[in-house]
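Here's the letter readout for the chains.
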Amino acid sequence: MKNNLLCFVFLLASVSSFAQFGVKAGLNFNSNGELREIVTAGENILEDSGDAKIGYHLGAYYEINFIKLYLRPEVVYTKTKSEYNSNAYDMSKIDVPVLLGIDVIGPLSVFAGPAFQYILDNDYENFTISDVRNDITVGFNFGAAVKIGNIGFDVRYERGFSENEATILDSNNIAIGTLDSRPSQLIFSLSLRL
C-alpha cells in the first residue's frame, strides 16, 4: 500500500511538471441553427437560416503534456451573435472543451474533443424568447494550433451535436416559432501561458 501511494505521488508530481496553465481570448464567427418559422394568424411570416456575426470569448486552460500528445481542458465564457431577418439573436454561455492534441511538426499541433456547453442567457431582438430547452449541451471541437514560446494561436471549428430550441413567443406568451440555438462557429484564439 505504501509503495502504491508513493507511485501515485510520483506520477502526480511528474504530470504536474509537464502541465501548463494559461489564459485565452479571441473572436468567434458564429451561426446558430435555423429560425424554423414565425406564424401569426395561420400565416408563415418568416423562415431564415440566419447570418453569422462576430462574437467573442475569454477563458483559461490547463494543458498536460505527454511527449507528443497533450490533454487540454478549457473553461471559456462565450458570447455569440447571429442575425435573422435584421433581428439580432445573442447568446452567452460557458464552454468546457476537453481537447486531445498531437504535436505534428515544430510548433504546429492538431486537436479535437468534446465541448460541454452551459447556456447562461439568450435574447432575440424585438421578440420575447423562452429559455432554451436544454441548458447543458454537448458539441465537438477540432482545429490546429501554433505555439511559440508562451504565446499560442489556434483556429478551430465547433458544432453542437443536438438541436436545442428556444421558443419565440408573441405578446400573449403564445408560441409563434422556434429558434435552434445549436452553435456552428469558427473560433480564433490567442493564448498566453502563465
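Quick summary incoming for the structure in this document. (Residues numbered from 1 in each chain as written. Predicted model: local features only at pLDDT ≥ 70, side-chain atom pairs only at ≥ 80, totals over all residues. Heavy atoms only, no water.)

1. Focus on the overall build of the chain
- When helices and strands are tallied, the chain shows one helix and 13 strands.
- Ordered by position from the N terminus, the helices and strands of the chain form the series α-β-β-β-β-β-β-β-β-β-β-β-β-β.
- For the chain, the proportion of its 194 residues judged to be buried stands at 40%.
- For the chain, contacts bridging at least 24 residues in sequence account for 65% of all contacts bridging at least 6.
- Per element, the accessible surface of the chain, about 10600 Å² overall, is 64% carbon and sulfur. (Helix = DSSP H or I, 4+ residues; strand = E, 2+ residues; numbered from the N terminus. Buried < 20%, exposed > 50% of the residue type's maximum accessible area, 1.4 Å probe, protein only. Contact = heavy atoms within 4.5 Å. Areas by Shrake-Rupley, 256 points an atom, 1.4 Å probe, with all protein chains shown as cover.)

2. Considering the pattern of salt bridges
- Scanning the model with the defined rule gives nine salt bridges in all.
- Note that glutamate 158 and lysine 93 form a salt bridge whose closest N and O atoms lie 3.3 Å from each other. In this pair, glutamate 158 is assigned in strand β10 (residues 151–160) and lysine 93 in strand β6 (residues 87–105), connecting sequence segments 65 residues apart. This pair shows no difference in class: glutamate 158 is buried, exactly as lysine 93 is. (Salt bridge = Lys/Arg side-chain N within 4 Å of Asp/Glu carboxyl O.)

3. Side note on the nonpolar core
- Core analysis: the biggest nonpolar cluster contains 10 residues, these being Tyr84, Tyr89, Met91, Ile119, Tyr124, Ile129, Ala166, Ile168, Ile176 and Leu179.
- Among the secondary structure elements, those contributing two or more residues to this core are β6, β7 (108–124), β11 (165–169) and β12 (175–180). (Core = buried A, V, L, I, M, F, W, Y, C linked by side-chain atoms within 4.5 Å.)

4. Focus on the environment of isoleucine 148
- With respect to the helices and strands, isoleucine 148 occurs in strand β9 (residues 136–148).
- Spatially, the C-alpha atom of isoleucine 148 lies 6.3 Å from that of proline 107, the residues being 41 residues apart in sequence.

5. Points about the packing of aromatic side chains
- Applying the stated rule across the entire model yields four aromatic pairs.
- Aromatic pair phenylalanine 140 and phenylalanine 142: ring centres 6.3 Å apart, planes at 40°, arrangement tilted.
- Three or more aromatic residues joined by ring pairs make a cluster, and in this case those are Phe140, Phe142, Tyr157 and Phe161.
- The ring of tyrosine 61 has arginine 72 sitting right over it, with the charged end atom 3.7 Å from the ring centre.
- If you follow lysine 147 out to its NZ or CZ, it ends over the ring of tyrosine 70, 3.9 Å from the centre. (Phe/Tyr/Trp six-rings, centres within 6.5 Å; stacked < 30°, edge-to-face > 60°. Lys NZ or Arg CZ within 6 Å of the ring centre and 35° of its normal.)

6. Let's talk about unusual backbone geometry
- One non-glycine residue with positive phi stands out, namely isoleucine 67, at about 50°.
- When you line up the elements, isoleucine 67 lands in the loop between β4 (51–66) and β5 (69–84).

7. Here's the deal with the pairing of β9
- Alignment of β7 against β9, held across 11 bridges, turns out to be antiparallel. Bridge pairing in β9 links glutamine 117 to threonine 137.
- Across 10 bridges, β9 lies against β10 in antiparallel orientation. Following the sheet pairing, alanine 145 is matched in β10 by aspartate 154.
- Where β9 hands over to β10, the hairpin turn is made up of two residues, of which glycine 149 adopts a positive phi near 65°. (Pairing = 2+ DSSP bridges.)

8. Topic: the environment of arginine 72
- Position of arginine 72 relative to the elements: it lies in strand β5.
- With sequence-adjacent residues up to four places away left out, arginine 72 is seen in contact with Lys24, Tyr61, Tyr62, Glu63, Pro97, Val98, Leu99, Asp154 and Ser191.
- Within the structure, the side chain of arginine 72 is placed 3.3 Å from the side chain of glutamate 63, a separation counted as a polar contact.
- In terms of polar contacts, arginine 72 uses its side chain to reach the side chain of glutamate 74, at 2.8 Å. (Polar contact = N/O pair within 3.5 Å; in protein donor to acceptor, adjacent residues only side chain to side chain.)

9. Description of the side chain of asparagine 122
- Turning to its location among the elements, asparagine 122 is positioned in strand β7.
- Within the structure, asparagine 122 has its side chain in polar contact with the side chain of tyrosine 89 (distance 3.3 Å).

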